[in-house]
Amino acid sequence: MNKFVSGLGAAWLAALVAAAPASAQDLELAITAPAGAGGGWDSAARSLQEVMMATGNAKSVQVINVPGAGGTVGLAQFVQGADGKSDQLLVGGITMVGAIITNDAPYDLTNVTPIARLTGDPLVVAVPASSPYQTMADLVAGIQKDVEHTIWAGGSAGGADHILAALVTQAAGVDPAKVNYVAYSGGGESLAAMLGGQVTAGVSGYGEWQGQIRSGDLRALAISYPEPIEGIAAQPLKAQGYDIELVNWRGVFAGPNVSDDAKAKLEEAVAKTVASPEWKELINARGWSDYYAPSAEFTDFIASETDRVGSILKSIGLAD
Amino acid sequence: MDSILYLLGGFATALEPMNLTFAAIGVMLGTAVGVLPGIGPALTVALLLPITFKLDPGGSLIMFAGIYYGGMYGGSTTAILLNTPGESASVVTALEGNQMAKRGRGGPALATAAIGSFVAALIATAGLAFFAPILVKLAVKFGPWDYFGLMLIAFITVSATFGSSPLRGLTSLGIGLWLGLVGIDQLTGQTRLAFGVPNLMDGIEVTTLAVGLFALGEALFVVSRHAFSDDAPMAIKGSIWMSREDWSRSWRPWLRGTAVGFPIGALPAGGAEIPTFLSYTMERKLAKRPEEFGHGAIEGVAGPEAANNASAAGTLVPLLTLGLPTSATAAVMLAGFQQYNLQPGPLLFVQHPALVWGLVASLFIANVMLLVLNLPMVGLWVKLLKIPLPWLYGGILVFASMGTIAANPSVVELLMLVGFGFLGFVMRRYDYPVAPAVVGLILGPMADSQLRRALQMSLGDPMILLQHPGSATMIGIAVLALIAPFLFKGLSRFRQDED
Amino acid sequence: MTSTQDAGLHRPTLIIGLALFALAMITFHDAWNMKIRASYGMGADAASYFVAGFLGLLAIGHLIAAFRPQPEADAADWAGVIWVSLGLAGLTLSVWLGGGFILGSTLLFVLTARAFGRKAILTDLLIGLALGLGIFLLFNKLLTLALPAGPLERLF
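In this text, all values refer to a predicted model and were calculated from it rather than measured experimentally. (Residues numbered from 1 in each chain as written. Chains lettered and ligands numbered in written order. Predicted model: local features only at pLDDT ≥ 70, side-chain atom pairs only at ≥ 80, totals over all residues. Heavy atoms only, no water.)

Draft legend 1. Just the interface of chain C and chain B, in detail. On the side of chain B, 63 residues touch chain C, which itself brings 62 residues to the contact. Across the chain C/chain B interface, buried area totals approximately 5600 Å², and carbon plus sulfur atoms make up 80% of it. If you sort the residues of chain C by the area they bury against chain B, Met42(C), Leu88(C) and Phe116(C) come out on top, with a joint share of 12%. At the surface where chain C touches chain B, the tally comes to 0 salt bridges. Connecting chain C to chain B are 9 residue pairs in polar contact (both at pLDDT 80 or more). Listed by contribution, the elements that provide at least two residues to the side of chain C that touches chain B are α1 (11–32), α2 (45–66), α3 (78–96), α4 (101–115) and α5 (121–143) of chain C. Among the elements that line the side of chain C that touches chain B, the one with the most residues is α3(C), at 10 residues. (Contact = heavy atoms within 4.5 Å. Buried area = accessible area lost by both parts, 1.4 Å probe. Salt bridge = Lys/Arg side-chain N within 4 Å of Asp/Glu carboxyl O. Polar contact = N/O pair within 3.5 Å; in protein donor to acceptor, adjacent residues only side chain to side chain. Helix = DSSP H or I, 4+ residues; strand = E, 2+ residues; numbered from the N terminus.)

Next up, the structure:
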């Protein structure tokens, strides 16, 4: 929807940066958020903008929103516009991996240069408070008994929520193509369906539902993170005996054909930003988890995620 | 009782001179940016939000409330004066409002919109303050089947905007429905009618269609007729203020519009458009002189504008009580709240009562400020119409295309805008109404996904639509509304035959 | 819409009918080739078939109406329409080819004013330029909303 540059925020932060230490790098960056205002990638881009400028790791940062098609519109524009440029970054994540496959997008993440993985949020599997299911084992037994009437609510088709629902169904020993997954826009409407008791279970980013989980309106059965997380009572699926892990990760990329020198400079700026106390404070406030990985590790990670997401999307009939 | 104390405390903060100034600035900025065609409330709030970060939490919350209501109100001005709705919720306002302006009654039209917005927002904000926790319990019970019933009613009511020929009205609606198919289907990820163009993947932007059909189409049509008419149609006749008759014709529509707008706005997938359609139809049915509709009936401005603003307050119900942003504007607002460490959700009212009631007080103050600042502006706005036609339409086209490329800077979007402009011209030339196309684009995709969600939950059994009392009732109403006119017509013809 | 044609074929109605029929066929074809099926309930193609059918019925309605008396469209000043079209084309090309927003909107303003019969092109050029510049400064500088930039915009 809205493509605009966050200007006033930038102007305001520029004033802060004026007071930043003299060692400040002279990077003048433009970060593409391949989504509209308010979404996860948009807030990731804007958070990066805020902290990079506040810590003096960049002189100025502009955020450009290019929404569309699970981020693939922004990716295509970025691949064409940022070729060889040392001052362009793109935010992306696991949803983009799925969208590239389901939309048959002309460009994929091998066309861009991974700089760093930034955050990784757990997904939560939850049921309405009135549900008879008390534990993950109850839900899995329910799936085995009647997969058709086990109705899931979550975000858009082929996204991370959908993939997790399919993985849980698969782990229950049922054909994942049979999962009855009802897609809603964003995290909002699926929450209403959960609270209204119209569905059996739901998947969402933990942060989006934590208010309802704390107030007892929803019962969290499991999280998809590999290890337990402090402050979250629900245990990982892995710890409950299901071999599933899925992290809603986000990272930054530079354009194609970036010189080694420019790449190293961007890596350093991002690494320094992520190590700063300001970043730690900010991701805490947003309810995100640090999932930093440097360029080389991130590149391998993307390859394995692409394989994994591709095969599960195939099994639920969204890709061929 | 505690809530009243908190509310009073909120008012005490909001009424400080400094904070009143912030409210005034917020309202002015919100209105000024919201007035631009193509820049809806979501973009307005997003653009202006960073300004508020500089202030202390109290002041910024107040300015924020001003921007929100200012942006919601701004769209009606261009809809009335220039037949250029800035956002989808103002499309209905343009129908009667612009007819009024063309008959020299732009002043009363703007005034009834401003006062109606004020009344609606006042009542709806009070509703938000006192009934939000109850209302939200009902709202989440609204299932996909119920939404589908509501959509059906909305579809039937569209026929009120059809004009003289049902074939032309239905054709316009059909074009809107067709455009609504374009893009990636949310439920299955299947792409429809995008022909591999990435910019089409997310579907057709409603504002692009509305601005194209209304603003560009109107300009092309007016220029095609300009040489043959010696009229200066937009002069001001009579008082620019509302007459006694205008008042007596407006106050009921304001209240009815509020009654429709607030609860539908509070539904998680309700939106601001459907209440405006429903309100328009209702006023048309209830009007003492229904023949005036289509020629500048003030009820047709008063009702939908009230409904629009009441739904804006309604949107805050799921946002504050569930943390659930139900519109693009609300999503931007949510980001704004988080800046003040205000995490909307079920515990918000319990954990941060002072902030919540401070916000409610701010909304009241912003609303009053909106009226105080905008009523005197009516005289100024109406003078816009005195600009000579060549410059007026030159300006309209520049602002309309600017709004579209600013919101979405791509050549494809601009080409679509121009294409819709020519479509609007052809439709006007051959007497096809343009509003049903916009309505089709809004309602079509909503009805499609809600129906399919309902059928997915019932494993394909259509009876689910009749098993739930809410949806069964609404579908019943829709069917009645559809066949009643034919029945009555048949009946009266039958009687005539007997004579 | 003052006069009504008495008899014979009403060509605009016929053409619109044929256009609707073409849209219906495209939609049907698009739906026919959809690969992703819904596991439960209806798929994404159902709405396409519905709309295709609806458009088909409307097309038939138009074909029938074309043989009935239809209101005749009023005379049009095509020169004016062409001037405005040139203005819109000017803006689109200017944005497309990197001429920028100010140049494009000035063209649009001047040509629209010309369409309404103004001949004082220099005055209109100045007004259009001032308007475009004002909008650009407001958006790019104050709101920092990225309007398309060209040579003129880079001066600021």
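Draft legend 2. Focus on the side chain of Glu96(B). Residue and element names in this part refer to chain B. Along the chain, Glu96 turns up in helix α5 (residues 91–102). As a buried residue without a salt bridge, Glu96 has its nearest oppositely charged side chain in Arg284, at a separation of 5.3 Å. Not counting residues within four places of it along the chain, the set of residues in contact with Glu96 comprises Tyr280, Glu292, Phe293, Gly294, His295, Gly296, Ala297, Gly300 and Val301. (Buried < 20%, exposed > 50% of the residue type's maximum accessible area, 1.4 Å probe, protein only. Lys, Arg positive; Asp, Glu negative; His and termini not counted.)

Draft legend 3. Local environment of a nonpolar patch on the surface. Residues and elements named next belong to chain C. A contiguous nonpolar patch, built from Leu103, Leu107, Leu129, Leu137, Leu152, Leu155 and Phe156 and spanning about 600 Å² of accessible area, is present on the exposed surface. Breaking the nonpolar patch down by element, the ones donating at least two residues are α4 and α5. Turning to its location among the elements, Leu155 is positioned in the segment after α5. (Patch = residues over 30% accessible without salt bridge, like charges linked within 9 Å, V, L, I, M, F, W, Y side chains within 5 Å. Areas by Shrake-Rupley, 256 points an atom, 1.4 Å probe, with all protein chains shown as cover.)

Draft legend 4. Molecular detail of helix α6 (residues 106–139) of chain B. Residues and elements named next belong to chain B. Compared with the 50 Å implied by 1.5 Å per residue over 34 residues, the 37 Å span of α6 between its first and last C-alpha is markedly short. Largest kink in α6: about 80°, centred on Phe131, with the proline Pro133 one to four residues after it. Among the 34 residues of α6, 24 are classified as buried, and the element is accordingly described as predominantly covered. (Expected span 1.5 Å × (residues − 1). Bend = angle between axes of the 7 residues up to and from the residue.)

Draft legend 5. A look at the pattern of salt bridges. Residues and elements named next belong to chain B. Summed over all chains, the structure comprises 18 salt bridges over all chains. As a salt-bridge pair, Lys102 and Glu218 come within 2.9 Å of each other at their nearest N and O atoms. Taken together, the residues span a long stretch of sequence, with Lys102 in helix α5 and Glu218 in helix α9 (residues 206–226) at a distance of 116 residues. With a relative accessible area of 28%, Lys102 lands in the partly exposed category. Here Arg428 ties to Glu218 by a salt bridge, and the two come within 3.1 Å at their closest N and O atoms. Remark: Glu218 occurs in helix α9 and Arg428 occurs in helix α18 (residues 411–429); sequence separation between them is 210 residues. Arg428 gets classed as buried once you look at its relative accessible area, which sits at 13%. A network of salt bridges, in which partner residues are shared, links Glu245, Arg249, Arg289, Glu292 and Glu299.

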